[in-house]
Amino acid sequence: MIYTKLYTKSTLSRKVQANMALYQEDLRLLNYIQDQKSVSIKQLAMYFKKDFSSIRKEIHHMNQELPDSFQIKIHNNQVTSVMNYSDYLNFIQNMDMSRYFPSVQERVAVIMLLCFQDGHVNLSHLYNTWGFSLTTKKKDTKYLKTYLAPYGLEISILRKKGITIQGNEFQFRLAVSSFLLLIAEVGENLKFYERLANSPFEHLLYLHFSDILEEVESSAIQAYLKILEAVKVMPSYPSKKLLLIYLVLYYYHMDYLKESPEFLISMPVIPFTLSDSVFENYAINHVISILDFRPFLSVPRSSKLERKINSFFQSVCSELRLDFYTKEQVFQELYTYLYKKISAHYYHIELSDKLVKNTEQHENEIYTCISRYASFFQEDWKFQMNPDHISAITLIIKKWILRNKIIGREKMRLILITNTIQEKLEYFIETLKEYIDFKIIAILDINELYQIKNLSYHHIITLSDRTSLVLEKLGYPYVRLHFFLTDSDIVLLKSLGFPTKASKFIAHNLIAQIFSNHSEKSAEEYLLEHYGDYFI
């Protein structure tokens, strides 16, 4: 469905009647229900932090907008839906603009992008065009001021033009990047396209972003490819998207950065030169340092952060009675993860993974222990670990517990389709190695399936129904597993002929016995590099 870039007054005349329009929260609830298929009112109330009556009212409200064939049913406090993800997308994409009431966050995102794009925006004209009241405009302006403050940004008035946003240019780019991450995807040839599940107002936001893309997207792609050539590692899909968005904004605001960005932990190393400006080079390399790469990319070192993480690591090991042979590797992974998350938190960038749920149920002892240290970095860096951080660190620790025990034998070549972050993904991979031997030849996001045709593999592994549905439509056979493996998963893998696990050896001891006539250090390095799945 094609929308105009600006709402007309007549289009929005019905939107101001809140009881006749769907909200962003309604769409979130609908998406959750269709994903679960069957879920209790109690579970919905807990997940969305609302009371039972509010959930019932929202479902009743949505049913007024849904076709008869997709009505949400409630029976004995159990909510069911026959809608699948394709049906949900079809509903969203065909929703009339007049049937949707955007959130304040959606309205503010459009205002910020217009300021970034044009340098200013006339709010009175904009809200009149959208059909929103003067009261709504005043409330949104107050919210915008509050939202900008942590970024070191503020609103200024331009006579006869409206408002402009002034302050830290680096933070301005990151602030705009944070909401563009939610509404844009990257496809083949690194070209952006609109996220399929965008709300009508998010669609409007993407249309403005597409104007910027027309001018600078090709330059951003060329710079991205040069960065990959320099760092020699591949980013995860969310990191690829953030990096490309930042480069788009850089080229659109080239030469706007007039001072060095503020660095919370330490100044980044500079393996890549983006421009003649030392400020721009510091900025892009700091962005690179907070991204997720496979394998991990080295991050700047901070003796203060190292001491703090070492204290945290030792405390956790003491409480859980852990003694890692690979202690240095565990520490380095924790340092890399926490450096990225503390820095990203400072810049209000969220690359967290929301797909892996219930870690505390599956790894309760480790999760509970890590939870007790949620405020460990608060005093020095104002960083409070959230459940997603705790989950990731729990899985890092558990992965290394597993890696210090077992390893595989013959290799089954696998493609893994997921957008789970690297730290959590390695937990799944290491857990899988408890049962079978395999080699991951590619980890792809659902937006990167076009790469499959160029790969040699035995099986495709997927961790979600949505990905499975897309693969099925494309004609690719797949194996659907659960992130926390079940007994039925293992039975399925064995029935497909996956080889079972073997034993793991300590490289140092084996070399001392077998390679007594060779350089022990060089032989150990060779084995670890070429046969890392067999030695620790």
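Residues numbered from 1 in each chain as written. Predicted model: local features only at pLDDT ≥ 70, side-chain atom pairs only at ≥ 80, totals over all residues. Heavy atoms only, no water.

**Topic: the nonpolar core**
- The biggest cluster of nonpolar side chains holds 107 residues, and the ones touching the most others in it are Leu44, Ile59, Ile111 and Phe192.
- Examining the composition of this core, we find that 15 residues originate from one element, helix 10 (residues 200-231), more than from any other.
- The residues contacting Ile59, other than those within four sequence positions of it, are Leu29, Ile33, Ile41, Leu44, Ile72, Ile74 and Val79.
- Judged by nonpolar contacts, the second largest core, of 37 residues, contains Val299, Tyr339, Phe383 and Ile397. (Core = buried A, V, L, I, M, F, W, Y, C linked by side-chain atoms within 4.5 Å. Buried < 20%, exposed > 50% of the residue type's maximum accessible area, 1.4 Å probe, protein only. Helix = DSSP H or I, 4+ residues; strand = E, 2+ residues; numbered from the N terminus. Contact = heavy atoms within 4.5 Å.)

**Description of the pattern of salt bridges**
- Tallied over the full model, the rule gives 23 salt bridges.
- Note that Glu280 is salt-bridged to Arg173, the shortest N-O span being 2.8 Å. On the criterion of sequence distance, the pair formed by Glu280 in helix 12 (residues 278-289) and Arg173 in helix 9 (residues 169-180) is long-range, its members being 107 residues apart. The residues Glu280 and Arg173 share a single accessibility class, namely buried.
- We note a salt bridge from Asp292 to Lys340, for which the minimum N-O separation is 2.6 Å. Here Asp292 is found in the loop between helix 12 and strand 11 (293-294), whereas its partner Lys340 is found in helix 14 (residues 327-346), with 48 residues between them in sequence.
- Owing to a relative accessible area of 1%, Lys340 belongs among the buried residues under this scheme.
- Salt bridges sharing partners connect three or more residues here, namely Glu25, Arg28, Lys50 and Glu58. (Salt bridge = Lys/Arg side-chain N within 4 Å of Asp/Glu carboxyl O.)

**A look at helix 11 (residues 237-252)**
- With 16 residues, helix 11 ought to run about 22 Å at 1.5 Å a step, and its terminal C-alpha atoms sit 23 Å apart, in line with that.
- Counting buried positions along helix 11 gives 16 out of 16 residues, so the element sits mostly inside the fold. (Expected span 1.5 Å × (residues − 1).)

**Observations regarding the pairing of strand 14 (residues 438-444)**
- Both strand 13 (residues 412-417) and strand 14 contribute to a ladder of six bridges, which runs parallel. Bridged to Leu414 within strand 14 is Ile440.
- With respect to chirality, the unit in which strand 13 leads through helix 19 (residues 422-432) into the neighbouring parallel strand 14 is right-handed. (Pairing = 2+ DSSP bridges. Right-handed = clockwise from strand over helix to strand, strands pointing away.)

**With respect to the packing of helix 3 (residues 41-48) against helix 4 (residues 52-63)**
- Contact geometry for helix 3 and helix 4: axes closest at 9 Å, N-to-C directions at 100 degrees. As far as their axial angle goes, helix 4 and helix 3 are roughly perpendicular. Across the interface between the two elements, Ile41, Lys42, Leu44 and Ala45 from helix 3 touch Phe52, Ile55, Arg56 and Ile59 from helix 4. (Axes fitted to C-alpha atoms, helices over the stretch in contact; angles between N-to-C directions. Parallel < 35°, antiparallel > 145°, perpendicular 65-115°, else oblique.)

**A few points about unusual backbone geometry**
- Going from Arg294 to Pro295, the amide bond is cis rather than trans, its omega being -5 degrees.
- Inspection of the secondary structure puts Pro295 in the loop between strand 11 and helix 13 (303-320).
- Positive phi, normally seen in glycine, also occurs at Leu190, with a value near 65 degrees.
- Its relative accessible area of 12% is what places Leu190 among the buried residues.
- Within the chain, Lys232 stands out as a residue other than glycine whose phi angle is a positive 60 degrees.
- In this structure, Lys232 sits in the loop between helix 10 and strand 10 (234-235).
- Residue Lys232 is classed as exposed on the basis of its relative accessible area of 68%.

**Focus on the side chain of Ser178**
- Looking at the element boundaries, Ser178 is found in helix 9.
- The exposure class of Ser178 is buried, given its relative accessible area of 15%.
- Among the polar contacts listed, one links the side chain of Ser178 to the backbone oxygen of Ala175, at a separation of 2.6 Å.
- Other than its neighbours up to four places away in sequence, Ser178 contacts Tyr147, Tyr151, His348 and Ile349. (Polar contact = N/O pair within 3.5 Å; in protein donor to acceptor, adjacent residues only side chain to side chain.)

**Some details on helix 3**
- Residues of helix 3 that are buried include every one of Ile41, Leu44, Ala45 and Phe48, and no others. Viewed along the axis of helix 3, the buried residues span an arc of 100 degrees, placing them on a single side of the element. Away from the buried face of helix 3 by more than 90 degrees, exposed residues Lys42 and Met46 are located.
- Packing partners of the buried residues in helix 3 comprise helix 2 (24-36), strand 2 (38-40), helix 4, strand 3 (73-75) and strand 4 (78-80).
- Within two residues after helix 3, Lys49 carries a phi angle of roughly 55 degrees, on the positive side. (Arc of directions from axis to C-beta.)

**Quick word on the confidence of the model for the protein chain**
- For the protein chain, the mean per-residue pLDDT works out to 87, and 88% of the residues sit at or above 70.
- Every residue in residues 6-18 scores below 50 in pLDDT, and together they form 33 contacts with partners more than four places removed in sequence or on other chains.
- The low-confidence segment residues 406-410, where pLDDT is below 50, has 26 contacts with residues more than four positions distant or belonging to other chains. (pLDDT = per-residue confidence, 0-100.)

**Considerations on the sheet that holds strand 14**
- Spatially, the four strands line up as an open sheet ordered 14-13-15-16, and their pairing is parallel. The open sheet has two edge strands, strand 14 and strand 16 (479-480), and neither has a second partner.
- The pairing of strand 15 (residues 459-462) with strand 16 spans two bridges and is parallel. When the sheet's bridge partners are listed, Thr462 is paired in strand 16 with Arg480.

**Here's the deal with the packing of aromatic side chains**
- Going through the model one piece at a time under the given rule, you end up with 34 aromatic pairs.
- When the ring of Tyr250 is compared with that of Tyr251, the centres are 4.7 Å apart and the planes differ by 65 degrees; the resulting orientation is edge-to-face.
- The class for Tyr250 is buried, based on a relative accessible area of 2%.
- Here Tyr335 and Tyr339 contribute two aromatic rings whose centre-to-centre distance is 6.3 Å and whose plane-to-plane angle is 25 degrees, an arrangement assigned as stacked. Placement of both Tyr335 and Tyr339 in helix 14 is noted, with a separation of four residues, approximately one turn of the helix. Each member of the pair, Tyr335 as well as Tyr339, carries the same accessibility label: buried.
- A cation sits over an aromatic face here: Arg301 above Tyr335, 3.9 Å from the ring centre. (Phe/Tyr/Trp six-rings, centres within 6.5 Å; stacked < 30°, edge-to-face > 60°. Lys NZ or Arg CZ within 6 Å of the ring centre and 35° of its normal.)

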